[in-house]
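# Chain and residue survey
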Protein chains: 2
Amino acid sequence: MADATAHDRSAPLDPDMFHPLCPSSAMPFRVGDKWSGMVIRCLQGGPRRFGELRVPLKAVTPKVPSETLRAMERDGLVTRTAYDENPPRVEYALTPLGRTLIPLLDAARAWSETHLPALLAARRAAGQPA
Amino acid sequence: MADATAHDRSAPLDPDMFHPLCPSSAMPFRVGDKWSGMVIRCLQGGPRRFGELRVPLKAVTPKVPSETLRAMERDGLVTRTAYDENPPRVEYALTPLGRTLIPLLDAARAWSETHLPALLAARRAAGQPA
DNA sequence: AGCGCCGATTCCGTTGCGGTAACCGGGGGT
DNA sequence: ACCCCCGGTTACCGCAACGGAATCGGCGCT
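Below you will find a few notes about this structure. Model, not experiment: these values are computed from the prediction. (Residues numbered from 1 in each chain as written. Chains lettered and ligands numbered in written order. Predicted model: local features only at pLDDT ≥ 70, side-chain atom pairs only at ≥ 80, totals over all residues. Heavy atoms only, no water.)

### A short note on the relation of the copies chain A and chain B
Each of the two chain copies can be brought onto the other by rotation about an axis and movement along it. Put simply, the rule is: Our superposition of the copies is a least-squares fit, built on the C-alpha atoms of residues whose pLDDT is at least 70 in both. Pairs of residues are marked as contacts when any of their non-hydrogen atoms sit within 4.5 Å.
For the pair chain A and chain B, the best superposition has an RMSD of 0.1 Å and corresponds to a rotation of 180° with a translation of 0.0 Å parallel to the axis. In short, the pair behaves as if placed about a two-fold rotation axis. Taking C-alpha positions as the reference, the residue of chain A nearest the rotation axis is Arg30 of chain A, at 2.4 Å. Of all interface residues in chain A, 100% are interface residues in chain B too; the two copies therefore contact each other through one and the same surface.

In structure tokens, the structure reads:
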């Protein structure tokens, strides 16, 4: 194993999970703010640095994760740990409370995998009779 | 079991479910539009007339259910049946696809019942240290 | 000295969602 | 004739969320 402390940064953030074609954008669920769900997914495998969270979010400005993370911290869903080291390092991790949301996300994803195509088909049929 | 084909209009819409203190407003989940979840709950027990849906929504104008219902109809979540009778009557019912969302709503509610107090406590502690 | 990295924060513009108000149209009752 | 009920629809307004650009500050490297 590469790292004993906890998580594997070498298999960190499944890129496929975040690419633009991910049906997340279409699925009729929302957990907290727009990006909260994705943050939870990112942190699911262990603590992450701020910059790491931006990897899948490379399209967005740092404001997005920063804002989301602080809101989640207020709600007791993540912890923020700033290390006063030379290259500033900050790590975020899910709290137990935050982890309780994972099953919900799983359920939402499962629903989407099963039923989202039907929903989209219905929408297309009704919205674009052409 | 009471009846699957029909529904009981005498125990129609649990008022407690919709009163302003319901934590729905605070819970960090969203299914579709703001009112979609509530519509599903309303239709869970069987078809409802437009006016019936407004009972728990008595605070809102007809636009809200109308809009929500049409969006859900487009997505294949509900069916709309207009009876060309004397007093105009329209009934809405969940489709099988729409019913697949019920477990999600149940899961969201279960989460809220279990964990929402902790989240609110954390928010209060962090947001209002005073 | 200047550049760049890390980790943010703040401001600002836009967009979309949510909500209120007003209007429509037919039938029946008084 | 008038009003009311049922079942909507449309137009308009306001706010909060979303997203982007610009800025900040310490430190190391060149």
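Now that the structure has been shown, we can carry on.
### Overview of helix H5 (residues 102-127) of chain B
The line we're drawing: Take the seven residues that end at a residue and the seven that start at it, fit an axis to each, and the angle between those axes is the bend at that residue. Helix and strand definitions follow DSSP, with helices as H or I runs of at least four residues and strands as E runs of at least two, each counted in order from the N terminus. For the exposure calls, accessible area comes from a 1.4 Å probe over protein chains only, and a residue counts as buried if that area is under 20% of its type's maximum, exposed if over 50%, partly exposed in between.
The largest bend in H5 of chain B amounts to roughly 55° and is located at His115 of chain B, with the proline Pro117 of chain B lying one to four residues further along. Residues Ile102, Leu104, Leu105, Ala108, Trp111, Ser112, Leu116, Leu119 and Ala122 of chain B constitute the buried set of H5 of chain B.

### Comments concerning the pairing of strand S4 (residues 89-94) of chain B
Each regular strand displays side chains that alternate between the two surfaces of the sheet. Residue and element names in this part refer to chain B. Our working definition: Strand pairing is defined by DSSP finding a minimum of two bridges between the two strands.
With respect to burial, S4 is a largely interior element, six of its six residues being buried. Strand direction decides the pairing type here: strand S2 (residues 48-49) and S4, joined by two bridges, are antiparallel. Residue Arg48 lies in a different strand from S4, and its bridge partner there is Tyr92. Two elements, strand S3 (residues 78-83) and S4, share six bridges in a ladder whose sense is antiparallel. Directly across from Ala82, in S4, lies its bridge partner Val90.

### Considerations on the interface of chain A and chain B
For the record, the criterion: Two parts placed together each lose some accessible area; with a 1.4 Å probe, that loss summed over both constitutes the buried area. Each reported salt bridge corresponds to a side-chain nitrogen of Lys or Arg within 4 Å of a carboxyl oxygen of Asp or Glu.
Contacts between the two partners involve 22 residues from chain A and, on the opposite side, 22 residues from chain B. In this assembly, chain A packs against chain B so that about 1,900 Å² is buried in total across both faces, 72% of it on carbon and sulfur atoms. Taken as a group, Asp75, Leu104 and Trp111 of chain A account for 25% of the area that chain A buries against chain B, more than any other trio of residues on that side. The interface formed by chain A and chain B holds two salt bridges in total. Note that Asp75 of chain B is salt-bridged to Arg123 of chain A, the shortest N-O span being 2.7 Å.

Shape is all these values report; function is a separate question.
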